[in-house]
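Observations on the model geometry
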Amino acid sequence: MSERMWELVESPRVAPSILSSDFARLGSQVAEVMVAGARLIHVDVMDGHFVPPITIGPLVAGAIADQVHDAGGAIDVHMMIEAPERQIAEFAAAGADSITFHVEATAHANRTLGAIRELGCLAGVAINPGTPAEAVSELRGLADLVLCMSVNPGWGGQSFIESSPAKVERLRPLVGAARIEVDGGIDPGTVGPMAAAGASLFVAGSAIFGAADPASAYNEIASAAGAS
């Protein structure tokens, strides 16, 4: 799993988030953006505790995993849940290629990153807008991905936090070889500044699946990001 994911993240990528998709048409909407060129499909997991909403779990990730993998893509899981170390094995078994958890959600970030890698996935750590960039400095060399939230986690469709590019710039020297991923309010107007600041993975939900033509919306964001 991690080999496929590493190959994909060598280039800038836009990752459509299925949180904003029409779940009655999930398979066809995933197919639509993958035909347009998407190769990372982002799965937002929320538990009703770390963030107020409850969203989806391993069963949904597993339902699209074969479709995504057969098309040459990867499943990018973002866990916005308490005690994420309790759930990583289920997501890995469901077909996740990367698993990212929030540094604020566990006292055992170091151990959890190692456990994710042992399961054959790329390991990621996320930080909320109010968490200093320096919170990940002790995890340098352990995290493959560092996700910088550019909205407060919990709901799609929020407005982009304007200070986010500056935070990505502060993150860049702290994360070593890890790829910086950004999530929240990403659209054709915000993705360019995030790319210029040092991000290379861009999660977009409502800007893609909320559009009348998700494939065209994906291509517009990817073009603005200089992404594959």
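Everything in this summary refers to the structure shown in the same document. All values reported here derive from a predicted model rather than from experimental measurement.

Calculation rules
Residues numbered from 1 in each chain as written. Predicted model: local features only at pLDDT ≥ 70, side-chain atom pairs only at ≥ 80, totals over all residues. Heavy atoms only, no water. Helix = DSSP H or I, 4+ residues; strand = E, 2+ residues; numbered from the N terminus. Buried < 20%, exposed > 50% of the residue type's maximum accessible area, 1.4 Å probe, protein only. Polar contact = N/O pair within 3.5 Å; in protein donor to acceptor, adjacent residues only side chain to side chain. Contact = heavy atoms within 4.5 Å. Pairing = 2+ DSSP bridges. Axes fitted to C-alpha atoms, helices over the stretch in contact; angles between N-to-C directions. Parallel < 35°, antiparallel > 145°, perpendicular 65-115°, else oblique. Left-handed = near helix turned anticlockwise from the far one by under 90°. Nonpolar A, V, L, I, M, F, W, Y, C, P; charged D, E, K, R; others polar. Right-handed = clockwise from strand over helix to strand, strands pointing away.

1. Here's the deal with the side chain of Thr131
Note that Thr131 resides in the loop between β5 (122-127) and β6 (145-149). You can call Thr131 buried: its relative accessible area is 14%. A polar contact is formed between the side chain of Thr131 and the side chain of Glu104, at a distance of 2.5 Å. With residues up to four places along the chain from it excluded, the contact list for Thr131 reads Val103, Glu104 and Lys167.

2. Re unusual backbone geometry
Residue Ala83 is not a glycine yet carries a positive backbone phi of 45°. The residue Ala83 is located in the loop between β3 (74-80) and α4 (88-94) in this model.

3. Description of the sheet that holds strand β8 (residues 201-204)
Spatial ordering of the open sheet is given by β1-β8-β7-β6-β5-β4-β3-β2, a layout of eight strands whose pairing is parallel. For this open sheet the edge positions go to β1 (13-16) and β2 (40-46), each flanked by a neighbour on one side alone. Pairwise comparison of adjacent strand axes, ignoring direction, gives a mean angle of 25° for this sheet. With five bridges connecting them, β6 and strand β7 (residues 179-183) associate as parallel partners. Pairing of Val146 across the sheet is with Ile180, part of β7. Docked against the sheet, helix α1 (residues 2-9) engages β1, β2, β3, β4 (98-102), β5, β6, β7 and β8, running at close to 55° with respect to β5. Across the sheet, helix α6 (residues 164-171) lies against β5, β6 and β7, angled at about 155° from β6, the strand it touches most.

4. What about the environment of His69?
Considering the arrangement of structural elements, one finds His69 in helix α3 (residues 58-70). Separated by 28 residues in the primary sequence, His69 and Asp97 place their C-alpha atoms 9.5 Å from one another.

5. A few points about the packing of helix α2 (residues 26-35) against α3
Interaxial distance between α2 and α3 falls to 11 Å at its minimum, and their mutual angle equals 40°. Our classification of the angle between α2 and α3 gives oblique. Between α2 and α3 lies a crossing whose hand is right-handed. In this structure, α2 contributes Leu26, Gly27, Val30, Ala31 and Met34 to the contact, and α3 contributes Val60, Ile64, Gln67 and Val68. When grouped by side-chain class, the residues that make up the contact of α2 with α3 number seven nonpolar, two polar and no charged.

6. Observations concerning the pairing of β5
Burial of β5 is extensive: six of the six residues sit out of reach of the surface. Neither face of β5 is open: one carries Leu122, Gly124 and Ala126, the other Ala123, Val125 and Ile127, and all of them are buried. Examined bridge by bridge, β4 and β5 share five bridges and lie parallel to one another. Each bridged residue has a counterpart across the sheet, and for Ile99 the counterpart in β5 is Ala123. Regarding the hand of the β-α-β motif, the stretch spanning β4, helix α5 (residues 109-118) and β5 is right-handed.

Honestly, it's all geometry; don't read function into it.
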